[in-house]
Amino acid sequence: MSENKFPNMDYDADEVINDFKEKIKWPKEKEVQAIVKPEKLPIKILLSLLITIIGGAAAYYMMLPALNIHDTQMYIFLILLVGIFMASFALLCKANKKIEHKEYVKKKSLVPIIIVCVIAAIMAVGYVIGATIFRAESYSNLMTVEESNFEEDFSDINYNEVPRLDALRAHTLADQQLGSLSEYKSQYVVSANSTQINVKNTPVRVAYLEYANFFKWINNTKDGLPAYMYIDLVSQKVTAVNCIEQFGEGIKYSPTELFNEKLIRHLRFQYPTYLMDTPNFEINDDGYPYWITPVLDKTIGLFGGTDVKGAIITDAITGESSYYSIDEIRNDDTLNWIDVVYSESLLVEQYNYHGKLQNGFWNSIIFQNDVNVTSNGQGNIAMDDDVWVYTGVTSSESDSSNFGFILCNQRTKEVRYYDNAGAIEGSAQESARDAVQNYGYNATFPILLSIDGHPTFFMSLYGDSNTVKGYAFVSLEDKTVVGTGLLDVAKNDTNALNNAVANYIEALKNNGVADDLDADDVINNNDNTSENDNTAPDANNAENSSKKSVTGEITDIKTSVNDGNTVYYLQVDGKYYYIKVTDCMDVLLVSNGSTVTVEFNETNDTFIPATSVTVQ
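K.L.:
Looking at this structure, how should I read the packing of helix 3 (residues 72-92) against helix 5 (residues 110-129)?
P.N.:
Helix packing geometry: the angle between the two helix axes and the distance between the axes. Orientation of helix 3 relative to helix 5, taken along the N-to-C sense of each, is 170°, at an axis distance of 10 Å. Between helix 3 and helix 5, the angle is such that the two are roughly antiparallel. Residues Thr72, Tyr75, Leu78, Ile79, Val82 and Met86 of helix 3 lie in contact with helix 5, whose contacting residues are Pro112, Ile115, Val116, Ile119, Ile122, Met123 and Tyr127. Classifying every residue of the contact of helix 3 with helix 5 by side-chain character gives 12 nonpolar, one polar and no charged.

K.L.:
Teacher, can you tell me more about the nonpolar core here?
P.N.:
In a soluble, globular protein the nonpolar side chains are often hidden away together inside. By size, the foremost hydrophobic cluster in this structure holds 91 residues, and its most contacted members are Tyr159, Met229 and Phe473. If one sorts the elements of this core by residue count, helix 18 (residues 493-510) sits on top with eight residues. Counting 27 residues, the second-largest nonpolar core is a separate cluster that includes Tyr290, Ile313, Ile329 and Ile338.

K.L.:
Just checking my understanding: could you explain the sheet that holds strand 2 (residues 188-199) for this structure?
P.N.:
In spatial order, the strands read 2-3-4-5; together these four strands make up an open sheet with antiparallel pairing. The open sheet terminates on both sides in strands that have one partner only, identified here as strand 2 and strand 5 (238-242). The mean angle between the axes of side-by-side strands here comes to 25°, regardless of whether they run parallel or antiparallel. Judged from the five bridges that link them, strand 3 (residues 202-211) and strand 4 (residues 227-232) form a sheet pairing that is antiparallel. Residue pairing in the sheet places Val206 in a bridge with Tyr230 of strand 4. Here helix 8 (residues 167-179) sits on the sheet and contacts strand 2, strand 3, strand 4 and strand 5; the angle it forms with strand 2, its principal contact strand, is near 125°.

K.L.:
I keep staring at a nonpolar patch on the surface and nothing clicks. Help me out?
P.N.:
Judged by side-chain polarity, Val125, Val128, Ile129, Ile133, Phe134, Trp362, Ile365, Ile366 and Phe367 come together as a nonpolar surface patch covering roughly 940 Å² of accessible area. The set of elements that each furnish at least two residues to the nonpolar patch consists of helix 5 and helix 15 (361-367). Examining the composition of the nonpolar patch, we find that four residues originate from one element, helix 15, more than from any other.

Cut-offs and rules
Residues numbered from 1 in each chain as written. Predicted model: local features only at pLDDT ≥ 70, side-chain atom pairs only at ≥ 80, totals over all residues. Heavy atoms only, no water. Axes fitted to C-alpha atoms, helices over the stretch in contact; angles between N-to-C directions. Helix = DSSP H or I, 4+ residues; strand = E, 2+ residues; numbered from the N terminus. Parallel < 35°, antiparallel > 145°, perpendicular 65-115°, else oblique. Contact = heavy atoms within 4.5 Å. Nonpolar A, V, L, I, M, F, W, Y, C, P; charged D, E, K, R; others polar. Core = buried A, V, L, I, M, F, W, Y, C linked by side-chain atoms within 4.5 Å. Buried < 20%, exposed > 50% of the residue type's maximum accessible area, 1.4 Å probe, protein only. Pairing = 2+ DSSP bridges. Patch = residues over 30% accessible without salt bridge, like charges linked within 9 Å, V, L, I, M, F, W, Y side chains within 5 Å. Areas by Shrake-Rupley, 256 points an atom, 1.4 Å probe, with all protein chains shown as cover. Salt bridge = Lys/Arg side-chain N within 4 Å of Asp/Glu carboxyl O.

This is the structure:
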């Protein structure tokens, strides 16, 4: 190849870079000869305002600050607007090239600088007048705590009606169920943000779906999210409720959407001045999906004393919203289906203010008389058809025991304190783990129950796969009193739970407690009072109230192992019925050609979940 075909490389890189720096560099003050007013100044000001409006609109669309003096984001947004205006004005005046224009812009920046300083001063004063050091009494009065009686309040809560899954285990089961549904699994994932609610007095979790990635959003956003996941925390059954089949449309407004259908943006355009907490996904008694968004108020100073003054109820399909005051939510019977208005974090924060500051700020730091805080962790129980947050109460210093516990209603903010001292929740979890240490199981956060008047921690045991492997009961008063029941031994969930109760009662007797307590009586009393007929809303893969059965010859058998659970798929009359071995041991006896009777709930799926299999 001849030389003239190569590009000309005869240049100095440093020279090019220096030339570029010379073009964009700002002149130095010592070079100033005179301060010159830029030409066409009114036009430059108008253009700067126009750029500020456009840039501010884009910033507002992304930041979504509340136009409310109690929102710190609003002050940051105002400072940003001032910054956009000054930057655009300086560039339009060519202050980076002409020193005389730079000095003019600097001179005219005094007013914007004063505006920014005033905004910063307002924020600083707002923080100071709302500081706990000056307003300790106000903070301690954010929450009203009433003492209550453990035996009276917990007498109607049966151990086989409490949640057996926490949020993480519920998400694992929901994710597994979604993965078995071919029409959903490649496009969507289950959101990690689920909401525990009550449906027909039964604790359940509902979780919305999210688009698997940006391209899946492009492919599906026009129809919205087709379903939500319904997890029964007692039976541990998971259902994908098909909104398109049930309600004619998918969920169009959710946190996983982009642009105007993104939930928080949709709400901000409807309610530009409201301070909003994180929306909760809930369903009404008919299974219809809604978003419940708490509306906050700052009751101390400008930014302190966070409390809830109402909630926005948003139709997840149509996007229509209505605001209700907190008094309406507490007293209107038509709104009783709403379960979560006060977040767990807000309730814990308010109680800690109450427990630490009730005798003044300096007492909370120096003397610490009667100072108490919540223990590390929270659980949820269903009581009076509401969801209550449970947490222990301990001293402000590191402690190994609780001297009481509280229940906080997430709909009404009613708070009950129980003067029942005992082991801290972490110690109870350690006792449960030690009892099954040869299996290597972990324990969920404890839920406090009454076993015939004895305060007792209840926990589910789980393995590495995050699926429930058994149950444990630990005495609140003596953490060495433990009873466990394991699925590997009992072969089904009900037997494992009852075994745990029987072993716990035996442990109580061995420690000289409850000598007259009979395990069979406790088990029978709970079985007779816990008729759980709760089912998910009629939908894809959901259970209907009408039981069905089919009797025929097995023409094909398939098996799979899901997180340690063996599942049998039996083909009868051209359809596959599946069931876990742990739910029906008889399935181990079947073979091709066997005649069986399969009971199931009506469904239109290709793979039908069976409730029992009987060999004929």
